[in-house]
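Descriptive analysis of the structure
Now for the letters of each chain:
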Amino acid sequence: MENPTSIETFIFQLKSSLQEDNFVKLSLGNYRGDEHELKQIQVRLILVKREPKLNFTHRFRRRDLVKNLNIETGVAQVESYLKHGFYAATLFTTNNDFYWTRNQSGQERLQVKTASIKQQPSLAHDKEKHRLIKPGANKSYLHELRITDATGQVYKNTQDKFKQINHYIELLRPLIQDIGKENLKKVVDMGSGKGYLTFALYDYLYNVLGLKEVEVTGVEFREDLVSLCNRIAQQAAFPLLKFQQGAIVEYDELNMDMLVALHACDTATDDAIYQGIKAGAKLIVVAPCCHKQVRRQMERAVMNAEIQPITRFGIFLERQAEMLTDALRTLFLEYYGYKTKVLEFISDAHTPKNVLIVASKTSSIPAERRKQILSQINQTKAFFGLEKHYLESLLQLEN
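I will try to describe carefully the structure that is included in this document. (Residues numbered from 1 in each chain as written. Predicted model: local features only at pLDDT ≥ 70, side-chain atom pairs only at ≥ 80, totals over all residues. Heavy atoms only, no water.)

1. A closer look at the sheet that holds strand S5 (residues 86-93)
Condition: Here, a strand pair is defined by DSSP locating no fewer than two bridges between the strands. Helix and strand assignments follow DSSP, with helices taken as H or I runs no shorter than four residues and strands as E runs no shorter than two, numbered in order from the N terminus. Angles here are taken between N-to-C directions and fall from 0 to 180 degrees, while the axes themselves are lines fitted to C-alpha atoms, restricted in helices to the stretch in contact. Pairs of residues are marked as contacts when any of their non-hydrogen atoms sit within 4.5 Å.
Read across the sheet, 7 strands follow the order S4-S3-S2-S1-S5-S6-S7 without closing on themselves; strand pairing throughout is antiparallel. Each end of this open sheet is capped by a strand with a single partner; those strands are strand S4 (64-69) and strand S7 (108-114). Between one strand axis and the next, the sheet turns through 15° on average, direction left out of account. Relative to strand S3 (residues 51-60), strand S2 (residues 38-48) runs antiparallel, the two being bridged by 10 bridges. If you follow valine 48 over to S3, its bridge partner there is glutamate 51. The strands touched by helix H1 (residues 6-19) are strand S1 (23-31), S2, S3, S5, strand S6 (96-102) and S7; relative to S5, the strand with the most contacts, the crossing angle is about 30°. Across the sheet, helix H2 (residues 71-83) lies against S1, S2, S3, S4, S5 and S6, angled at about 30° from S3, the strand it touches most.

Printed below as a string of structure tokens:
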């Protein structure tokens, strides 16, 4: 090519990146053509029925228009766009970035810079749904729990529940990695209910992570649900998954590495946290539900004057009680040597509470830090007029 123009050079680099398999993406901008409200075009490489295509997304002011073209036609289309209408283009490859511009005088410029993206994106046409728990005919527990039909297809009316299950496992995955899966021998799910999330967690540990010796126990007060879940676990051939009947606070087995309690109502969450602290669990994960115990004290108390304007309305008082209860729970956990964080847990339509408290056991906590935490607990209680938090009573924490 003798004295190529900047457009010809740009198109040559585009063709080369596609041939040499280092194309990342292409964007066309600064549009000044006749197509009404067109702002820019994004181009990516995809596979459609195993055939490579260039996917053009035309971004208009109020809508997007998507077209798939074969490689040769797509490259020709890009060249046409550069000659007619667009005044800027950027080609991203894993080797270099190429910036082409044309000013109002018609002068063109091509710059080459170090690649800003070193890895090629997926060629999947539609964004694949990455699920750690996948439906299928071999997942008998999903069928028995009425999440899927006999062929493994998720029912329309259980799509939200299935998404919740997978989101839950996605949240737990990095936490389990932090523990080190080799250190995970015993998991207890307090208040397991019908067992949707208990089964999913065991499935993930047993089938995805390959932890064939990990024990998972669901603790549930309702005997009919315990019987149902044990039957389903047996049918699913989950050898070390079991459910036992009883109240959370009465659970007396101290051997556990991980404790979870999702949507345990009111002080049942505190019962679960207490059991985890008592057992020295490496990881405690709770999604609290209602917060009646603290709210009742707040309703009776003569609170600090600064807080009264935002607690005189019932809905504000409820939300404040939720935040206060969970904030104190994190402080109690920290006092006993846990590093805490609070995440958003996306729940299903029937469970609006969406806070997840995560606590990871640390090696030790200095006495001075414990003293500071205790002071924070007492100051917080005094400010809101609280006498005692239920978890504080369980732990027999001396002030």
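2. Some details on unusual backbone geometry
Just so we agree on the cut-off: Relative accessibility under 20% of the residue-type maximum defines a buried residue, over 50% an exposed one, and the middle range a partly exposed one, all with a 1.4 Å probe and only protein chains included.
A positive phi is found at aspartate 21, a non-glycine position, where the angle reads about 60°. Positionally, aspartate 21 belongs in the loop between H1 and S1. Residue aspartate 21 is classed as exposed on the basis of its relative accessible area, which comes to 52%. If you check the backbone angles, glutamine 396 has positive phi at about 55° while not being a glycine. Here glutamine 396 is to be found in the segment after helix H11 (390-395). Judged by relative accessible area, which is 65%, glutamine 396 ranks as exposed.

3. Overview of the pattern of salt bridges
Definition in use: Here, a salt bridge means any side-chain nitrogen of Lys or Arg that lies within 4 Å of a carboxyl oxygen of Asp or Glu.
Taken as a whole and judged by the stated rule, the model has 15 salt bridges. With a shortest N-O distance of 3.5 Å, arginine 231 and glutamate 144 are connected by a salt bridge. Within this pair, whereas arginine 231 is found in helix H6 (residues 223-235), its partner glutamate 144 is found in helix H3 (residues 140-144), the two being separated by 87 residues in sequence. Classification of glutamate 144 by relative accessible area gives partly exposed; the value is 24%. Its salt-bridge partner being arginine 222, residue glutamate 220 comes within 2.7 Å of it at the nearest N-O pair. Judged by its relative accessible area of 6%, glutamate 220 is buried. Each of Lys186, Glu215 and Glu253 takes part in salt bridges that share partners, so that together they form one network.

4. A short note on the sheet that holds strand S9 (residues 215-220)
Strand order in the open sheet made by the 7 strands is S10-S9-S8-S11-S12-S14-S13, with mixed pairing throughout. Edge positions in the sheet fall to strand S10 (241-245) and strand S13 (338-344), since each has one partner strand and no second. If you compare each strand with its neighbour and ignore which way they point, the axes differ by 15° on average. Inspection of the sheet shows strand S11 (residues 258-262) paired to strand S12 (residues 283-287) by 5 bridges, in the parallel sense. Bridge pairing in S12 links methionine 258 to leucine 283. Contacts from helix H5 (residues 196-208) reach strand S8 (186-190), S9, S10 and S11, with the element oriented near 150° to S10. Of the strands in this sheet, S8, S11, S12 and S13 are in contact with helix H7 (residues 268-279), which crosses S12 at around 180°.

5. Comments concerning a nonpolar patch on the surface
Selection rule: Only residues whose relative accessible area exceeds 30% and that form no salt bridge are eligible for patches; like-charged ones are grouped when within 9 Å, while nonpolar side chains (Val, Leu, Ile, Met, Phe, Trp, Tyr) are grouped when within 5 Å. Each accessible area value is a Shrake-Rupley result obtained with a 1.4 Å probe; residue values ignore everything except the protein chains displayed when judging cover.
On the surface, Phe313, Ile315 and Phe316 cluster together into a nonpolar patch covering about 280 Å² of accessible area. The partly exposed category is assigned to phenylalanine 313, whose relative accessible area is 39%.

6. A word on the packing of aromatic side chains
Note the following rule: The pairing test for Phe, Tyr and Trp rings, Trp by its six-membered ring, is centres within 6.5 Å, and the orientation test on the planes gives stacked under 30 degrees, edge-to-face over 60, and tilted for anything in between. Cation placement over rings: the criterion is NZ of Lys or CZ of Arg within 6 Å of the ring centroid and within 35° of the ring normal.
Under the criterion given, the structure shown has 10 aromatic pairs. Centre to centre, the rings of tyrosine 141 and phenylalanine 238 are 5.7 Å apart; their planes meet at 50°, and the pair counts as tilted. Separated by 97 residues along the polypeptide, tyrosine 141 in helix H3 and phenylalanine 238 in the loop between H6 and S10 bring together distant segments of the chain. With respect to burial, tyrosine 141 and phenylalanine 238 carry one shared label: buried. Their ring planes at 75° and their centres at 5.2 Å tell us that phenylalanine 383 and phenylalanine 384 sit as a pair that is edge-to-face. Among the aromatic residues, those joined into a cluster by ring pairs are Tyr141, Phe199, Tyr202, Tyr206, Phe238 and Phe243. Taking NZ or CZ as reference, lysine 25 lies 5.1 Å from the ring centre of phenylalanine 92, over its face. The side chain of arginine 63 reaches across the aromatic face of phenylalanine 60, ending 4.2 Å from its centre.

7. Quick word on the packing of helix H4 (residues 159-179) against H5
Angle between the axes and distance between the axes are the two parameters that describe a pair of packed helices. To be explicit about the condition: Put simply, angles under 35 degrees are roughly parallel, angles over 145 are roughly antiparallel, angles from 65 to 115 are roughly perpendicular, and the rest are oblique. Crossing handedness is read from the near helix: turned anticlockwise from the far helix by less than a right angle, it gives a left-handed crossing, and turned clockwise, a right-handed one. Here the nonpolar group is Ala, Val, Leu, Ile, Met, Phe, Trp, Tyr, Cys and Pro; Asp, Glu, Lys and Arg are the charged ones; every other residue, Gly included, is treated as polar.
It is the contact of H4 with H5, at a shortest axis distance of 10 Å, that shows an interaxial angle of 50°. Looking at the two axes, H4 sits oblique to H5. Handedness of the H4/H5 crossing: right-handed. Together, Lys161, Ile165, Tyr168, Ile169, Leu172, Arg173 and Ile176 of H4 and Tyr196, Leu197, Ala200, Leu201, Tyr204 and Leu205 of H5 make up the contact between the two elements. Looking at the contact of H4 with H5, its residues break down into 11 nonpolar, no polar and 2 charged.

8. Let's talk about the nonpolar core
The cut-off we apply is this: Definition used in this section: a nonpolar core is a set of buried Ala, Val, Leu, Ile, Met, Phe, Trp, Tyr and Cys residues joined via side-chain atoms within 4.5 Å.
Grouped together as the largest cluster of nonpolar side chains are 47 residues, with contacts concentrated most on Tyr141, Phe199 and Leu205. Ranked by residues supplied to this core, first place goes to H4 with 9 residues. In this view, leucine 205 contacts Ile176, Leu184, Val187, Gly210, Leu211, Val214 and Val216; residues no more than four positions away in its chain are not counted. Listed in part, the 37 residues of the second largest apolar core include Ile273, Leu333, Tyr338 and Ile357.

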